[in-house]
Amino acid sequence: MPSMRQSYTVTVPEEPPAAAFPFLKQEMRRKGSMSGSVLVSTFVGLLINQAKNSKSAQGLVGLKNLGNTCFMNSILQCLSNTQSLRDYCLHNSHRRDLNNNSRTNTALMEEFAKLIQTMWTSTSSEAVSPSEFKTQIQRYAPRFVGYNQQDAQEFLRFLLDGLHNEVNRVTVRPRGTVEDFDHLPDEEKGKKMWSKYLEREDSKIVDLFVGQLKSSLTCSHCGFCSTVFDPFWDLSLPIAKKGYGEVSLMDCMRLFTKEDVLDGDEKPTCYRCKARRRCTKKFTLQKFPKILVLHLKRFSEARRTSKLSTFVNFPMKDLDLREFASENSTNAVYNLYAVSNHSGTTMGGHYTAYCRNPSSGEWYTFNDSRVTPMSSSQVRSSDAYVLFYELATSSRM
């Protein structure tokens, strides 16, 4: 288990992806003598023009349900509409990272990229079968073997971890060394810890999805405050309880970052007192990721015994998280672009996805094989389970 701009800046792929893009073959034959950069620029131009000239926007392709695989289809559609990740696959940039690493395990990333390419270049409205991709994800994570219903957020965690491992720019991880950064100011300590993390884990996936959480432990006896900095791939938010049926996403964020008292059996050892003391613990966000994944904890810790159907009111635009920042941060405003939904009960549920198409800006419902337009006013519902937000500086809103 993992620890958990509209821009077409193109890198030259190892091989132009003609096989994946039939409309490119003819162009390549005509312009076989072109330089690599011109060829790729032409390819991207053709791709964009094809999307513009198409009667229907690209990326609006359903995924066949292979047998209780709606959890997988829902997450795949959310990732397909993650513009930076989509472009990483469409431009074959992942090939460069795979080739540079000379890895033997590349099948998961290859199949994921192939699936994304098919979904964005298909001229047919026929649903695509993700069976080859499923074969690879269950090899990486055997818990997904078979056709039982699974948890979408857990699937996302495993998938991102698997993709990261295959395109990690670090080929040889350095030996773990213990370094004492406690004498440094918190902001500098956080940067040092982030650099240490990147020495081992550095990929396009990390570039997009990983942030840094700061945990502060304050001794009630002597006032000493110790801090720990950890990477996070998503945030699992408890759903705030109120006397009426609706809570806000900010309520959930405030509950997640609320100061907790550690007493009794939970007393930690104070670094200064050298004794177990009553302490307070608080989370803040030290580094905000480009893509923020928020998981609403609708299911009990015992897993699948009960489900909270509380309506969580989340903003579509301008989710301002600056109040949760460790330091003064101006870069903490997000826009929503995808939601993985779970409807039904713990005994019999179904996953769908609501996604904002990065090319057209319109919202669509992805229900396995079916893709239908929807109004942005329908996106918020009590079925929302995993929310995908994009940092506003790289926003398409």
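Provided above is the structure to which this section pertains.
Conventions we followed
Residues numbered from 1 in each chain as written. Predicted model: local features only at pLDDT ≥ 70, side-chain atom pairs only at ≥ 80, totals over all residues. Heavy atoms only, no water. Helix = DSSP H or I, 4+ residues; strand = E, 2+ residues; numbered from the N terminus. Buried < 20%, exposed > 50% of the residue type's maximum accessible area, 1.4 Å probe, protein only. Areas by Shrake-Rupley, 256 points an atom, 1.4 Å probe, with all protein chains shown as cover. Salt bridge = Lys/Arg side-chain N within 4 Å of Asp/Glu carboxyl O. Core = buried A, V, L, I, M, F, W, Y, C linked by side-chain atoms within 4.5 Å. Pairing = 2+ DSSP bridges. Axes fitted to C-alpha atoms, helices over the stretch in contact; angles between N-to-C directions. Contact = heavy atoms within 4.5 Å. Parallel < 35°, antiparallel > 145°, perpendicular 65-115°, else oblique. Nonpolar A, V, L, I, M, F, W, Y, C, P; charged D, E, K, R; others polar. Phe/Tyr/Trp six-rings, centres within 6.5 Å; stacked < 30°, edge-to-face > 60°. Lys NZ or Arg CZ within 6 Å of the ring centre and 35° of its normal. Left-handed = near helix turned anticlockwise from the far one by under 90°.

Participant: Please clarify how the overall build of the chain should be interpreted in this entry.
Facilitator: A count of helical and extended segments in the chain gives eleven helices and 14 strands. By the burial criterion, 49% of the 397 residues in the chain qualify as buried. As displayed, the chain offers around 18600 Å² of accessible surface, 47% of which is attributable to carbon and sulfur atoms.

Participant: Hey, could you run me through helix α4 (residues 83–90) in this one?
Facilitator: The periodicity of an α-helix, 3.6 residues per turn, causes residues three or four places apart in sequence to face the same way. With seven of its eight residues buried, α4 lies for the most part within the structure. By the burial criterion, the buried members of α4 are Gln 83, Leu 85, Arg 86, Asp 87, Tyr 88, Cys 89 and Leu 90. Looking one or two residues past α4, Asn 92 carries a phi angle of roughly 60 degrees, positive in sign.

Participant: Just to check I follow, could you spell out the pattern of salt bridges for this structure?
Facilitator: Should their charged atoms come close, side chains of opposite charge can pair. Tallying each qualifying case throughout the model produces 14 salt bridges. Here Asp 87 and Arg 86 are joined by a salt bridge, their closest N and O atoms 2.8 Å apart. Of the two residues, Asp 87 and Arg 86, both sit in the buried class. Asp 207 serves as the salt-bridge partner of Arg 169, at 2.7 Å between the closest nitrogen and oxygen. Placement of Arg 169 in the loop between α8 (152–167) and α9 (186–198) and of Asp 207 in helix α10 (residues 204–209) is noted, with a sequence separation of 38 residues between them. You can call Asp 207 partly exposed: its relative accessible area is 28%. Via salt bridges that share partners, Arg 169, Asp 202 and Asp 207 belong to a single interconnected network.

Participant: It is not clear to me how the nonpolar core should be interpreted in this structure. Could you clarify?
Facilitator: Nonpolar side chains tend to gather and get buried jointly when the protein is soluble and globular. Counting 57 residues, the largest nonpolar core has Leu 79, Phe 112, Phe 133, Leu 159 and Phe 388 as its most contacted members. By size, the runner-up hydrophobic cluster in this structure holds 36 residues, among which are Leu 235, Leu 285, Val 312 and Val 379.

Participant: Even after reading the chapter, I still don't get the sheet that holds strand β6 (residues 279–287), so can you show me in this structure?
Facilitator: In a beta sheet, neighbouring strands are held together by backbone hydrogen bonds and run either parallel or antiparallel to one another. Here four strands make up an open sheet; going across it, the order is β2-β1-β6-β5 and the pairing antiparallel. The outermost strands of the open sheet, each flanked by one partner alone, are β2 (225–232) and β5 (260–262). Here the average twist between neighbouring strands, direction ignored, is 30 degrees. Sheet analysis places strand β1 (residues 211–219) next to β2, joined by eight bridges and oriented antiparallel. Paired with Thr 218 across the two strands is Cys 225, which belongs to β2. Each of β1, β2 and β6 is contacted by α9, which is oriented at about 35 degrees to β2, the strand it contacts most.

Participant: When you look at the packing of helix α7 (residues 131–140) against α8 in this model, what are you seeing that I'm missing?
Facilitator: In a pair of packed helices, the angle between the axes and the distance between the axes together describe the arrangement. In contact at an axis separation of 10 Å, α7 and α8 are set at 90 degrees when each is read in the N-to-C sense. The orientation of α7 with respect to α8, classified from their angle, is roughly perpendicular. Here Phe 133, Ile 137 and Tyr 140 of α7 come into contact with α8, specifically with Phe 155, Phe 158, Leu 159, Asp 161, Gly 162 and Asn 165. Class assignment of the residues belonging to the contact of α7 with α8 gives a composition of six nonpolar, two polar and one charged.

Participant: How do you make sense of the packing of aromatic side chains when you look at a structure like this?
Facilitator: Each aromatic ring pair is characterised by the separation of its centres together with the angle its planes make. Applying the stated criterion across every chain, the model contains 13 aromatic pairs. Plain terms: the ring middles of Phe 144 and Phe 155 are 5.3 Å apart, the flat faces sit at 85 degrees to each other, and that makes the pair edge-to-face. Here Phe 144, found in the loop between α7 and α8, pairs with Phe 155, found in helix α8; they are eleven residues apart in sequence, far enough to count as distant. The same class applies to Phe 144 and to Phe 155, which are both buried. Residues Phe 224 and Tyr 271 carry aromatic rings whose centres are separated by 5.6 Å and whose planes lie at 20 degrees to one another, so their mutual orientation is stacked. With a gap of 47 residues between them, Phe 224 in the loop between β1 and β2 and Tyr 271 in the loop between β5 and β6 connect regions that are remote in the sequence. Among the aromatic side chains, those forming a connected cluster through ring pairs are Phe 71, Phe 112, Phe 133, Phe 144, Phe 155 and Phe 158. Cation over ring: Arg 86 sits above Trp 120, and NZ or CZ is 4.5 Å from the ring centre. Sitting over the face of the ring of Phe 144, Arg 143 holds its NZ or CZ atom 6.0 Å from the ring centroid.

Participant: Looking at this structure, how should I read the environment of Leu 90?
Facilitator: Turning to its location among the elements, Leu 90 is positioned in helix α4. Expressed as a C-alpha distance, the spacing of Leu 90 and Lys 114, which sit 24 residues apart in the sequence, is 8.7 Å.

Participant: Explain the packing of helix α3 (residues 70–80) against α8 to me, please; I cannot follow it from the model alone.
Facilitator: Where α3 meets α8, the closest approach of the two axes is 9 Å, and the angle between their N-to-C directions is 55 degrees. On the basis of the axis angle, α3 is oblique to α8. The way α3 lies across α8 gives a crossing that is right-handed. In contact with Phe 71, Met 72, Ile 75, Leu 76 and Leu 79 of α3, α8 contributes Ala 152, Phe 155, Leu 156, Leu 159 and Leu 160. A per-class count over the contact of α3 with α8 returns ten nonpolar, no polar and no charged.

Participant: Whenever I open this one, the pairing of β6 confuses me. Can you help?
Facilitator: On a regular strand, each side chain points to the face opposite its neighbour's, so the side chains alternate between the two faces of the sheet. As judged from the eight bridges shared by β1 and β6, these two strands associate in the antiparallel manner. Of the residues in β6, the one forming a bridge with Gln 212 is Lys 287.

Participant: I tried to follow the pairing of strand β11 (residues 349–356) on my own but got confused; where do I start?
Facilitator: With six of eight residues buried, β11 is to be regarded as a mostly interior element. Pairing of strand β10 (residues 333–344) with β11 involves seven bridges; the strand directions are antiparallel. Bridge pairing in β11 links His 342 to Tyr 351. Remark: four residues form the turn of the hairpin made by β10 and β11, two consecutive strands paired antiparallel.

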